[in-house]
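Architecture and fold: a report
The chain contents come next:
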Amino acid sequence: MLRTKLHRPPLSAEHVFRHRLIDKLNKNIYKPLTLICAPAGYGKSMLASSWIEESNCQSAWLSLSEEENDLRTFLAYLLASLDKLFSEKLESTTSLLQASELPPVSIIKKTLINELDETSKEFVLVFDDYHLIKEQKIHELIDGLLHYPPDNMHLCVITRRDPPIRIGSLRAYNRMI
């Protein structure tokens, strides 16, 4: 595991904070999803990193690559990023990951959601470069997190295009920004 994938990008001394956008993100943190979508080079990751820093939110960050298109690998990184916030609180999900054969996504999804729901700490979970994820089982897991989100979790997806997850109802019911 490459531990540096779990660090949010550092801000330089010359970084320009986009206060209007950060205020908009802060005002909508009660919604389950923030989708930051723009072409390469538009400052998506820096916006999210500055938002986390300025708002002083508890956060878990995962910078994705094509290597995480395997459900087991994705889960290992996800649990490692969450372990920084919830050390030893996601034991059931971790035990599913350690099985020789992964259970169906529906079982993983329910176990993870229930364990996150048992934690009391509010946090932002950030997936950077989500456009690199093609594996349908991962999208199914994220769909579950968004449609039955724990109250204490806010998901921030940074991508170059709308992800292939079911966000239509979230948009329709104003449950995303």
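Structural notes, computed from the coordinates. (Residues numbered from 1 in each chain as written. Predicted model: local features only at pLDDT ≥ 70, side-chain atom pairs only at ≥ 80, totals over all residues. Heavy atoms only, no water.)

As for the layout of surface pockets
Rules: The rule is simple: put a 1 Å grid over the protein atoms alone, call a set of points where a 1.4 Å probe fits but cannot get out a cavity, call an open set with protein on both sides within 12 Å along at least five of seven lines a pocket, and count a residue as lining if it has an atom within 4 Å of a point. Grid points are joined across faces, edges and corners, and a volume is the space filled by probe spheres set on the points. Helix and strand labels come from DSSP, where a helix needs a run of H or I of at least four residues and a strand needs a run of E of at least two; each type is numbered from the N terminus.
By volume, the largest pocket is sized at about 300 Å³. Along the walls of the largest pocket sit 17 residues, with Ile-29, Asp-151, Asn-152, Met-153 and His-154 positioned nearest its centre. Secondary-structure elements contributing two or more residues to the lining of the largest pocket are β3 (123-128) and β4 (153-159).

Some words on the packing of aromatic side chains
Definition in use: Stacked, tilted and edge-to-face are the three classes assigned to paired rings of Phe, Tyr and Trp, where Trp is represented by its six-membered ring and a pair needs centres within 6.5 Å; plane angles under 30 degrees give stacked, over 60 edge-to-face, the rest tilted. Note on classification: 1.4 Å probe, protein chains only; a residue is buried when its accessible area is under 20% of the maximum for its type, exposed when over 50%, partly exposed between these limits.
Tallied over the full model, the rule gives three aromatic pairs. For the ring pair Phe-74 and Phe-127, a centre distance of 5.5 Å and an interplane angle of 50 degrees mean the geometry is tilted. With Phe-74 in helix α3 (residues 71-83) and Phe-127 in strand β3, the pair connects residues that are 53 residues apart, well separated along the chain. For the pair Phe-74 and Phe-127, one class covers both residues: buried.

Thoughts on the environment of Leu-64
So the rule is basically this: Any two residues having at least one pair of non-hydrogen atoms within 4.5 Å are treated as being in contact.
Relative to the assigned elements, Leu-64 resides in the loop between β2 (59-63) and α3. We classify Leu-64 as buried; its relative accessible area is 5%. Residues Leu-64 and Leu-6, 58 residues apart in the sequence, show an inter-C-alpha distance of 9.3 Å. The contact partners of Leu-64, leaving out residues within four places of it in the chain, are Phe-74, Phe-127, Asp-128, Asp-129, Tyr-130, Leu-132 and Ile-133.

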